[in-house]
Amino acid sequence: MAELVGCFAASHGPLIARDWDKLPGARRAEFAAAFGELGRRFTLARPDILVEIAPDHWTNFFLDNLPAICIGVGEEHEGPREPFLRNFPHRSIPGDPGFARHLVETALAEDFEPSISHRLSLDHGFCIPLLRMGLERLPRIVPITVNDLEPPMMSIRRCLAWGRLLAQAIAAYPGGERIAVLATGGLSHSIGEPTMGAIDEPFDHECIRLFRAGDDAALAGYLEGALLRTGNGAHEVRNWVIAHAAAGSRGFDLIEYRPVPEVYVGCAYASWQPAARAA
Ligand SMILES: [Fe+2]
């Protein structure tokens, strides 16, 4: 059977790529260290398949067609279209239709109804962490887009359920593949609204505390209220919730948290690995 070899999470603010050369050298060094440590842990996990969970920033979908959650089942996915990611080294990213279809079929059997896409374009939400983690080669990627942008959105309770379903599907997948999960987005940020640029540090710290504590009821209760009061970008924490639940809610190890006003985001990086927690 397949094996879940780690769950990872990272922020993905577009300015981490678009404004890279304009950032102070110390900021670039901080990003390089945090993403580099995430990449080191990811590489040690040696995944064959990566289930990557990110929002779709109006790249594939818009208001005329906006799935709550969509699984990419294609043989390959398109690289990022954003001009500031033209140097991303992968214009075509291999998928894993075998596991993707298994995940969809598991979901439907358990009364979940994801959308599917045979060709997704992976935007900065997917690609900035992959770029900054410095991976020598990419695993086959099964992308999952989550609507974190436009209400109404999935409840936190449902995100937890999706995470548990993902772990169930991995455990039941025939074969010996090593499968990792990477959630991207958050933590707090505010884009295109009157609080543009605001970083809600108390929100970020409480999220981190609750992810470590592993109390799903407390996590859901806090987020359902707090997400109404903080910046719109914080809704991307839903992706972290899915990865957290896929890890059995056993607590992310925080690599780093740092509010970064130059990129408008409370930037956080975390991981969970079975061996690391058992050691
Ligand atoms: Fe985003």
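Refer to the structure above for everything that follows.
Residues numbered from 1 in each chain as written. Predicted model: local features only at pLDDT ≥ 70, side-chain atom pairs only at ≥ 80, totals over all residues. Heavy atoms only, no water.

(A) A look at the coordination of the iron ion. Within the protein, the atoms that donate to the iron ion are His12 (NE2), His57 (NE2) and Glu236 (OE), at distances of 1.9 to 2.1 Å. Taken in sequence order, the residues that donate to the iron ion follow the motif H-x44-H-x178-E. Placement of histidine 12 in the loop between strand 1 (3-10) and helix 1 (15-18) and of histidine 57 in the loop between strand 2 (49-55) and strand 3 (69-72) is noted, with a sequence separation of 45 residues between them. (Donors = N, O, S within 2.8 Å, 3.2 Å for Na, K, Ca; no water. Helix = DSSP H or I, 4+ residues; strand = E, 2+ residues; numbered from the N terminus.)

(B) How the structure looks around the environment of alanine 34. Structurally, alanine 34 is set in helix 2 (residues 25-45). The class of alanine 34 is buried, set by a relative accessible area of 3%. Taking the C-alpha atoms as reference points, alanine 34 and glycine 98, separated by 64 residues in sequence, lie 32 Å from one another. With sequence-adjacent residues up to four places away left out, alanine 34 is seen in contact with Ile255, Glu256 and Tyr269. (Buried < 20%, exposed > 50% of the residue type's maximum accessible area, 1.4 Å probe, protein only. Contact = heavy atoms within 4.5 Å.)

(C) Representation of the sheet that holds strand 6 (residues 115-117) in the model. With respect to topology, eight strands assemble into an open sheet ordered 6-3-7-2-8-1-10-9, the strand pairing being mixed. What marks the edges here is a single partner per strand, and that holds for strand 6 and strand 9 (253-260). Taking the axes of each pair of neighbouring strands and ignoring which way they run, one obtains an average angle of 20° across the sheet. Where strand 1 meets strand 8 (residues 178-184), seven bridges bridge the pair, whose relative direction is parallel. By the bridge assignment, glycine 6 is partnered in strand 8 with alanine 180. Here helix 4 (residues 124-132) sits on the sheet and contacts strand 2, strand 7 (140-146) and strand 8; the angle it forms with strand 2, its principal contact strand, is near 125°. (Pairing = 2+ DSSP bridges. Axes fitted to C-alpha atoms, helices over the stretch in contact; angles between N-to-C directions.)

(D) A look at the pattern of salt bridges. Taken as a whole, this structure holds 15 salt bridges when the rule is applied. The shortest N-O distance in the salt bridge between aspartate 19 and lysine 22 comes to 3.9 Å. Classification of aspartate 19 as buried rests on a relative accessible area of 12%. Two residues, glutamate 206 and arginine 209, come together in a salt bridge whose shortest N-O distance is 2.8 Å. Of this pair, glutamate 206 and arginine 209 both sit in helix 6 (residues 201-213), separated by three residues, roughly a single helical turn. (Salt bridge = Lys/Arg side-chain N within 4 Å of Asp/Glu carboxyl O.)

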